[in-house]
Amino acid sequence: MIALEREVRFEDVDPAQIVFFARFLSYAHEAMERFFGELPGGYPRLVVDRRIGMPAVHIESAFRVPLRYGDTVRIETSIARLGRRSAVFLYRMFRKQDGALAAEVRHTVVCSDMSAIASREMPDDVRALLEAHIEPAP
(Lines give C-alpha, C1' and ligand atoms only; values in the text may rest on other atoms or scores of the structure.)
Protein backbone atom coordinates (compact mmCIF):
# COMPACT_ATOMS: atom_id res chain seq x y z
CA MET A 1 0.00 0.00 0.00
CA ILE A 2 1.26 3.44 -0.91
CA ALA A 3 -0.27 6.49 0.77
CA LEU A 4 -0.78 10.06 -0.34
CA GLU A 5 -2.15 12.89 1.79
CA ARG A 6 -3.59 16.06 0.32
CA GLU A 7 -5.68 18.97 1.48
CA VAL A 8 -9.19 19.41 0.12
CA ARG A 9 -9.05 22.66 -1.83
CA PHE A 10 -11.80 25.20 -2.34
CA GLU A 11 -12.00 24.23 -6.02
CA ASP A 12 -12.83 20.64 -4.99
CA VAL A 13 -16.13 21.43 -3.28
CA ASP A 14 -19.57 22.03 -4.74
CA PRO A 15 -22.34 24.41 -3.58
CA ALA A 16 -23.26 21.89 -0.85
CA GLN A 17 -19.73 22.54 0.51
CA ILE A 18 -18.64 18.92 0.13
CA VAL A 19 -16.20 17.38 -2.34
CA PHE A 20 -17.87 17.04 -5.74
CA PHE A 21 -18.04 13.33 -6.64
CA ALA A 22 -15.95 13.67 -9.82
CA ARG A 23 -13.05 15.09 -7.81
CA PHE A 24 -12.58 11.70 -6.18
CA LEU A 25 -11.45 10.41 -9.58
CA SER A 26 -8.90 13.23 -9.74
CA TYR A 27 -7.71 12.21 -6.28
CA ALA A 28 -7.38 8.62 -7.50
CA HIS A 29 -5.29 9.74 -10.45
CA GLU A 30 -3.02 11.80 -8.17
CA ALA A 31 -2.59 8.70 -6.01
CA MET A 32 -1.78 6.57 -9.07
CA GLU A 33 0.90 9.06 -10.11
CA ARG A 34 2.34 8.84 -6.58
CA PHE A 35 2.17 5.02 -6.77
CA PHE A 36 4.39 4.98 -9.86
CA GLY A 37 6.81 7.38 -8.18
CA GLU A 38 8.79 4.34 -7.06
CA LEU A 39 9.89 3.73 -10.68
CA PRO A 40 12.90 5.67 -12.01
CA GLY A 41 11.48 8.94 -13.33
CA GLY A 42 8.05 8.10 -11.92
CA TYR A 43 4.82 8.32 -13.87
CA PRO A 44 6.03 11.12 -16.19
CA ARG A 45 8.92 8.97 -17.50
CA LEU A 46 6.63 5.96 -17.86
CA VAL A 47 4.19 7.93 -20.03
CA VAL A 48 6.36 10.49 -21.82
CA ASP A 49 9.65 8.65 -22.37
CA ARG A 50 8.68 4.97 -22.30
CA ARG A 51 5.27 5.57 -23.98
CA ILE A 52 3.55 3.16 -21.60
CA GLY A 53 0.04 4.20 -20.57
CA MET A 54 -2.42 2.88 -18.03
CA PRO A 55 -5.77 4.09 -19.38
CA ALA A 56 -8.92 3.46 -17.39
CA VAL A 57 -11.35 0.93 -18.82
CA HIS A 58 -13.68 0.61 -15.81
CA ILE A 59 -14.28 2.56 -12.61
CA GLU A 60 -16.48 1.79 -9.61
CA SER A 61 -16.87 4.05 -6.61
CA ALA A 62 -18.68 4.12 -3.30
CA PHE A 63 -19.04 7.19 -1.12
CA ARG A 64 -19.39 6.90 2.67
CA VAL A 65 -18.84 10.21 4.47
CA PRO A 66 -18.35 13.71 3.07
CA LEU A 67 -15.08 15.56 2.77
CA ARG A 68 -15.13 19.34 3.15
CA TYR A 69 -12.90 22.25 2.27
CA GLY A 70 -9.87 22.23 4.58
CA ASP A 71 -10.06 18.52 5.40
CA THR A 72 -7.04 16.34 4.74
CA VAL A 73 -7.69 13.18 2.78
CA ARG A 74 -5.38 10.18 3.12
CA ILE A 75 -5.48 8.00 0.02
CA GLU A 76 -4.22 4.46 0.43
CA THR A 77 -3.50 2.76 -2.89
CA SER A 78 -3.13 -0.97 -3.40
CA ILE A 79 -3.70 -3.48 -6.18
CA ALA A 80 -6.93 -5.50 -5.94
CA ARG A 81 -6.22 -7.69 -8.99
CA LEU A 82 -3.32 -8.15 -11.37
CA GLY A 83 -3.50 -9.72 -14.83
CA ARG A 84 -1.01 -9.99 -17.70
CA ARG A 85 -2.09 -6.72 -19.28
CA SER A 86 -4.46 -5.22 -16.74
CA ALA A 87 -4.72 -4.32 -13.09
CA VAL A 88 -7.34 -3.07 -10.68
CA PHE A 89 -6.19 -0.25 -8.42
CA LEU A 90 -8.00 0.11 -5.11
CA TYR A 91 -8.02 3.58 -3.56
CA ARG A 92 -9.33 3.97 -0.03
CA MET A 93 -9.84 7.62 0.87
CA PHE A 94 -9.96 8.49 4.55
CA ARG A 95 -10.84 11.74 6.30
CA LYS A 96 -7.61 12.18 8.24
CA GLN A 97 -8.95 13.98 11.31
CA ASP A 98 -11.16 11.05 12.39
CA GLY A 99 -10.03 8.18 10.15
CA ALA A 100 -13.49 7.78 8.60
CA LEU A 101 -13.61 6.05 5.21
CA ALA A 102 -14.88 8.72 2.83
CA ALA A 103 -14.75 6.80 -0.44
CA GLU A 104 -13.47 3.71 -2.19
CA VAL A 105 -12.60 3.68 -5.88
CA ARG A 106 -11.78 0.60 -7.96
CA HIS A 107 -10.01 1.60 -11.14
CA THR A 108 -9.30 -0.99 -13.83
CA VAL A 109 -6.46 -0.08 -16.18
CA VAL A 110 -4.94 -1.77 -19.22
CA CYS A 111 -1.21 -1.49 -19.86
CA SER A 112 -0.92 0.13 -23.27
CA ASP A 113 1.65 0.99 -25.90
CA MET A 114 0.86 4.66 -26.39
CA SER A 115 2.47 4.81 -29.83
CA ALA A 116 0.44 1.90 -31.24
CA ILE A 117 -2.65 2.64 -29.07
CA ALA A 118 -2.86 -1.06 -28.23
CA SER A 119 -2.68 -3.17 -25.10
CA ARG A 120 0.64 -4.76 -24.24
CA GLU A 121 2.18 -7.00 -21.61
CA MET A 122 3.41 -5.12 -18.57
CA PRO A 123 7.13 -4.42 -18.40
CA ASP A 124 8.87 -6.37 -15.64
CA ASP A 125 9.51 -3.32 -13.45
CA VAL A 126 5.86 -2.20 -13.64
CA ARG A 127 4.63 -5.71 -12.84
CA ALA A 128 7.05 -5.98 -9.90
CA LEU A 129 5.79 -2.68 -8.46
CA LEU A 130 2.15 -3.74 -8.78
CA GLU A 131 2.87 -7.19 -7.29
CA ALA A 132 4.57 -5.57 -4.29
CA HIS A 133 1.32 -3.83 -3.39
CA ILE A 134 -1.32 -6.51 -3.99
CA GLU A 135 -4.16 -6.27 -1.50
CA PRO A 136 -3.99 -9.15 1.02
CA ALA A 137 -6.75 -11.73 0.69
CA PRO A 138 -9.55 -11.22 3.24
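Data block above holds the structure.
S.K.: Give a detailed account of the packing of aromatic side chains, specifying residues and quantitative values.
M.R.: Applying the stated criterion across every chain yields a total of nine aromatic pairs. Aromatic rings pair up to connect Phe35, Phe36, Tyr43, Phe89 and Tyr91 into one cluster.

S.K.: So what's going on with the pattern of salt bridges? Which residues, and what values?
M.R.: Counted by the stated rule, this structure contains 12 salt bridges. With its nearest N and O atoms 3.0 Å apart, the salt bridge here joins Lys96 to Glu5. Here Glu5 lies in strand E1 (residues 2-7) and Lys96 lies in the loop between strand E5 (86-95) and strand E6 (100-110), a separation of 91 residues in the sequence. A residue is classified by how much of its surface remains accessible, and Lys96, at 47% relative accessible area, is partly exposed. A relative accessible area of 37% places Glu5 in the partly exposed class. Of the charged contacts, one joins Arg6 and Asp12 as a salt bridge, the two residues approaching to 3.0 Å between their closest N and O atoms. Using a relative accessible area of 0% as the deciding quantity, one classes Asp12 as buried. Here the salt bridges share partners, and the residues they tie into one network are Arg6, Glu11, Asp12, Arg23 and Glu30.

S.K.: Quick rundown of the side chain of Arg95? Include the residues and the values.
M.R.: Summarising the element assignment, Arg95 is placed in strand E5. Polar contacts involving the side chain of Arg95 include one to the main-chain carbonyl oxygen of Pro66, which spans 3.1 Å. Residues within four places of Arg95 in sequence aside, it is in contact with Val65, Pro66, Leu67, Asp71, Thr72 and Ala100.

S.K.: Explain the side chain of Arg127 to me, using residue names and the numbers behind them.
M.R.: Tracing the backbone through its elements, the reader meets Arg127 in helix H3 (residues 124-131). Notably, Arg127 is buried but unbridged: the nearest opposite-charge side chain belongs to Glu131, and the N-O separation is 4.2 Å. Arg127 has contacts with Leu82, Gly83, Arg84, Arg85 and Met122, leaving out every residue within four places of it along the chain.

S.K.: Residues and numbers for H3, please.
M.R.: Looking only at H3, the buried set comprises Val126, Arg127, Leu129 and Leu130. Taken end-on, H3 shows its buried residues confined to a sector of 160 degrees, consistent with a single buried face. In this structure, the buried residues of H3 make contact with helix H1 (23-35), helix H2 (42-49), strand E4 (72-82) and E5.

S.K.: Before we move on, could you go through H2 and cite the residues and values that matter?
M.R.: All of the buried residues along H2 are Gly42, Tyr43, Leu46 and Val47. Along the axis of H2, the buried positions cluster into a sector of 165 degrees, meaning they face one direction only. Counted as exposed and oriented over 90 degrees from the buried face of H2: Pro44, Val48 and Asp49. Those residues of H2 that are buried lie in contact with H1, strand E2 (52-53) and H3. Positive backbone phi, at 60 degrees, marks Arg51, one or two positions downstream of H2.

S.K.: Describe the sheet that holds strand E7 (residues 112-113), and please don't skip the residues or the numbers.
M.R.: Strand order in the open sheet formed by three strands is E2-E7-E8, with antiparallel pairing between adjacent strands. The open sheet is flanked by E2 and strand E8 (118-119), the only strands paired with a single partner. Where E2 lies against E7, two bridges are found, and the strand directions are antiparallel. Bridging across to E7, Gly53 finds its partner in Ser112.

Scoring rules and cut-offs
Residues numbered from 1 in each chain as written. Predicted model: local features only at pLDDT ≥ 70, side-chain atom pairs only at ≥ 80, totals over all residues. Heavy atoms only, no water. Phe/Tyr/Trp six-rings, centres within 6.5 Å; stacked < 30°, edge-to-face > 60°. Salt bridge = Lys/Arg side-chain N within 4 Å of Asp/Glu carboxyl O. Helix = DSSP H or I, 4+ residues; strand = E, 2+ residues; numbered from the N terminus. Buried < 20%, exposed > 50% of the residue type's maximum accessible area, 1.4 Å probe, protein only. Polar contact = N/O pair within 3.5 Å; in protein donor to acceptor, adjacent residues only side chain to side chain. Contact = heavy atoms within 4.5 Å. Lys, Arg positive; Asp, Glu negative; His and termini not counted. Arc of directions from axis to C-beta. Pairing = 2+ DSSP bridges.

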